Each structure stands twice: as structure tokens, then as C-alpha cells.
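Each chain is listed here by its residues.
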Amino acid sequence: MSLVQAQWSFTWATSWVQRANYQNFQAPQNYDDIDVPKDRQKLRFLPKVPQYPPSVRPPKMTKRLDLIRGEEEIHRDLIHQQYGIIAKRGGMLKFGHLEMIRMGIARRIDVNKMFAVWRIEAPWKPITRKGQGKRMGGGKGGIDHYVTPVKAGRVIIEMGGKCSFEEVKPVLKLIAHKLPFPAEVVSQETLEASRLEEARLESENINPYTFKYLIQNNLMGCHNWIKNIDKQYFGKYT
């Protein structure tokens with residue numbers, strides 16, 4: 001037997017030998033300070049159509065794209081400071097998207113130690129549509145469905161309880177992937193870290209010719225061809 005064959009046979013023979021040694025495992029995280037609500041573990045059902053009094057005719061609206069443009073200024077922080085889904089771009093959520101979120105959480109949540117809450121309203125913005133093949137004119141079409149407008153940075157849902165981020169991340173990531181706009185799964189730590197990193201990059205930028213500087217000073221006559229929304233948000237939110 002050659003030296004190579006002897007080494008291979010020795011390695012094969014010793015690779016299946018079980019060995020027992022001392023391992024220092026990390027202590028489990030303590031969740032004694034977290035209280036799981038007893039009445040709202042799962043997401044509540046949101047109505048498909050808003051309810052108006054019998055004497056009130058359902059109002060119609062224009063497109064109102066300002067409702068989905070720009071950055072969210074109020075609902076951008078996690079109330080329970082645990083986990084959630086944040087929109088990276090503006091968009092509109094239909095009733096089917098809300099049901100997808102609700103059923104996806106209900107099938108995978110452990111009600112004994114987890115809970116989930118909505119951070120958005122039920123569909124309230126009317127979307128009108130005319131019938132197929134109908135001629136133009138005759139006034140505004142009838143209400144087809146209702147949607148919930150969402151701006152960039154808006155918290156859509158929150159999830160928490162006596163669980164780690166690794167437990168809830170696959171569930172939230174699966175839901176965020178099915179939304180009609182890009183969304184991100186965050187925890188309180190990752191959200192704070194991303195904001196600090198964004199502020200650091202902006203403060204340490206040594207290039208004075210940023211996109212904001214170009215628009216504010218109308219370099220190359222950019223005001224003649226850029227959009228009005230770029231003059232307000234400087235190309236950050238589209």
C-alpha cells in the first residue's frame with residue numbers, strides 16, 4: 001500500500017468516529033420585559049369598502065399622487081421597537097394585498113408568544129373606472145374599488161413578542177416580497193443602524209456637487225427638464 005492510500009484509508013476510518021467535548025453555548029435571550037397582548041395576537045380584519053351613513057353618497061376623488069409621493073413623516077418608527085415591514089417606495093395597497101398580509105401572518109404566527117398589529121388604515125381612497133369599450137365623456141366613472149395609499153418609509157405592520165428577529169424574518173420577508181412596491185424587513189436595531197449610516201455618509205461626503213446642489217443652483221438649466229417633485233425631494237423619492 002502506498003503512502004497516499006494509507007493516508008486516505010486512515011482519514012476515512014477516523015472521520016466517522018464520534019467525539020464528545022465541552023461546548024459553551026450562548027444563554028437564551030430574556031423576554032420577561034415583553035408583554036404579549038391577550039386580545040390582539042393576530043391582525044384584525046379590515047373592511048373592503050368604507051362604511052358611510054345611508055344618507056351620504058360615497059364621494060369620488062382625483063388621482064392625488066401626492067398621497068404616495070415623498071417620505072412618510074409620522075408613521076416611520078416602530079411603536080413596539082421590535083420588528084416590522086417598511087415601504088421603500090410609495091404605492092397603493094388593495095384589499096387583496098391586505099388579506100394576503102393578514103392570512104400570511106395568521107398561518108405562521110405563534111399566538112402564545114407573538115403578536116402583530118396594523119400600522120396602516122383600511123382602504124379608503126376610491127378608484128374610479130369606466131366600463132369596457134365605453135366612449136369618452138359622460139362624466140367621471142363609477143367607483144371600482146378602494147385602496148390605501150402608502151408613502152416611502154411608512155411602517156405597514158409590526159410584529160413582536162417573545163421571539164427573536166431570526167424567527168420572524170422569514171415570515172415578514174415572504175410577505176414583503178409580495179407587496180406591489182419594494183419593502184424591507186427591519187428590526188429596531190437595523191432601522192437605527194441604517195439611519196445612522198445614512199447620516200454618516202451624508203456628513204462625510206466631500207463632493208460638494210450633490211444632486212441637491214445641482215437642482216438648487218439650476219446648473220446646466222436642469223429646471224427646464226426635471227420634474228417638479230425633484231425640486232422638492234431632490235431625486236430621493238420617485
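Residues numbered from 1 in each chain as written. Predicted model: local features only at pLDDT ≥ 70, side-chain atom pairs only at ≥ 80, totals over all residues. Heavy atoms only, no water.

Before going further, it helps to spend a moment on the pattern of salt bridges. Scanning all chains against the criterion turns up 12 salt bridges. The residue Arg-195 makes a salt bridge to Asp-77 at a minimum N-O spacing of 2.7 Å. Highlighted residues: Arg-195 in helix α4 (residues 188–203) and Asp-77 in the loop between α1 (3–14) and β1 (83–87), separated in sequence by 118 residues. The class for Asp-77 is partly exposed, based on a relative accessible area of 37%. (Salt bridge = Lys/Arg side-chain N within 4 Å of Asp/Glu carboxyl O. Helix = DSSP H or I, 4+ residues; strand = E, 2+ residues; numbered from the N terminus. Buried < 20%, exposed > 50% of the residue type's maximum accessible area, 1.4 Å probe, protein only.)

Here we come to the side chain of Gln-82. As for its position among the elements, Gln-82 is in the loop between α1 and β1. A residue is classified by how much of its surface remains accessible, and Gln-82, at 9% relative accessible area, is buried.

Overall, antiparallel pairing links the three strands, which are arranged β2-β5-β4 in an open sheet. One side of each edge strand has no neighbouring strand; the edge strands of this open sheet are β2 (91–93) and β4 (125–129). On average, each strand axis in the sheet is tilted by 50° relative to the strand beside it, whichever way the strands run. Bridge analysis of β2 against strand β5 (residues 142–150) gives three bridges, and the strand direction is antiparallel. Residue pairing in the sheet places Met-92 in a bridge with Pro-149 of β5. (Pairing = 2+ DSSP bridges. Axes fitted to C-alpha atoms, helices over the stretch in contact; angles between N-to-C directions.)

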